[in-house]
Amino acid sequence: MPLGETLISESEIRARIRELARELQAALPPGPLHCVVVLKSAIFFAVDLVRSLGREATLGFISAASYGEGTESGGQVRLGLEAAGRVEGRHVFLIDDILDTGHTLLAAREALRGLRPASLRTCVLLDKPSRRRVKIEADHAGFTIEDVFVVGYGLDCAEAYRTLPDIRAYRPDGPDTEEKPG
Ligand code: XMP
């Protein structure tokens, strides 16, 4: 099986989310937030983060497709904004799983900007700066990681591994490090 080593454990994720929530309380404008989550991989992170913020928030979702069944981005991002909720005039907080080449976050941020929010901040769980192809940084990021494809805690490879509690390297050609029962 292609599951590699654990890069970020469940307890490290939990601790970092508590820290991020404190950081965000200071950085986000006061008042109700409209949190827009990029489907589907960011859902686990977004739920944990938004609950940690402990403030009034509404939820919206956008779909973004740039990856197929493999692990390489095509650079073309198809966005679905139907479930984004009302954005105009609101304090919008955009949450994604991972900032890789940057195409997805850039497209999502610009699409939301076009809907004229009162303010817009971005947050990603993971940042892979060495893979960046377009100029964009998230306002907040949980962890910076090396150039390795990762799965778990919502992140998938062709829909597998999302429910793993921690974040692991995905190495199709690497040694088998998966625990075997018995
Ligand atoms: P870009 O390249 O547009 O990519 O910044 C962002 C989206 O690509 C997916 N992605 C990954 N998914 N493990 C995953 O499971 C990874 O290592 C990875 N790198 C990028 C992800 O959906 C992200 O929103």
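Above this text sits the structure in question.
**Student:** Quick question: what am I supposed to make of the side chain of Arg90 here?
**Tutor:** With respect to the secondary-structure elements, Arg90 resides in the loop between β4 (73–80) and β5 (91–99). Lacking a salt bridge, the buried Arg90 has Glu56 as its closest oppositely charged neighbour, with an N-O distance of 7.3 Å. A distance of 2.7 Å separates the side chain of Arg90 from the side chain of Thr58, its partner in a polar contact. Sequence-distant contacts of Arg90, that is, excluding residues within four places in its chain, are made with His34, Thr58, Pro117, Ala118 and Ser119.

**Student:** Would you explain the site of the ligand in this entry?
**Tutor:** In the vicinity of the ligand there are 16 residues, among which Asp97, Thr101, Gly102, Thr104 and Val150 approach most closely. At 3.5 Å, a backbone N or O of His103 approaches an oxygen atom of the ligand. For the shell around the ligand, the secondary structure elements donating two or more residues are β5 and α3 (103–113). Among the elements that line the shell around the ligand, the one with the most residues is β5, at three residues. For the shell around the ligand, a count of residues per class yields six nonpolar, five polar and five charged.

**Student:** Got a minute to help me understand the sheet that holds strand β1 (residues 3–8) in this structure?
**Tutor:** Sheet strands pair by backbone hydrogen bonding; their relative direction is either parallel or antiparallel. Across the sheet, which stays open at both edges, the three strands sit in the order β1-β9-β8 with antiparallel pairing between neighbours. Two strands close off the open sheet at either side, each with one partner strand: β1 and β8 (150–151). In this sheet, strand β9 (residues 167–170) lies alongside β8 in antiparallel orientation, the contact comprising two bridges. Paired with Val151 across the two strands is Arg168, which belongs to β9.

Calculation criteria
Residues numbered from 1 in each chain as written. Predicted model: local features only at pLDDT ≥ 70, side-chain atom pairs only at ≥ 80, totals over all residues. Heavy atoms only, no water. Helix = DSSP H or I, 4+ residues; strand = E, 2+ residues; numbered from the N terminus. Buried < 20%, exposed > 50% of the residue type's maximum accessible area, 1.4 Å probe, protein only. Lys, Arg positive; Asp, Glu negative; His and termini not counted. Salt bridge = Lys/Arg side-chain N within 4 Å of Asp/Glu carboxyl O. Polar contact = N/O pair within 3.5 Å; in protein donor to acceptor, adjacent residues only side chain to side chain. Contact = heavy atoms within 4.5 Å. Near = heavy atom within 4 Å. Nonpolar A, V, L, I, M, F, W, Y, C, P; charged D, E, K, R; others polar. Pairing = 2+ DSSP bridges.

Take it as geometry only, folks, not as evidence of what the structure does.
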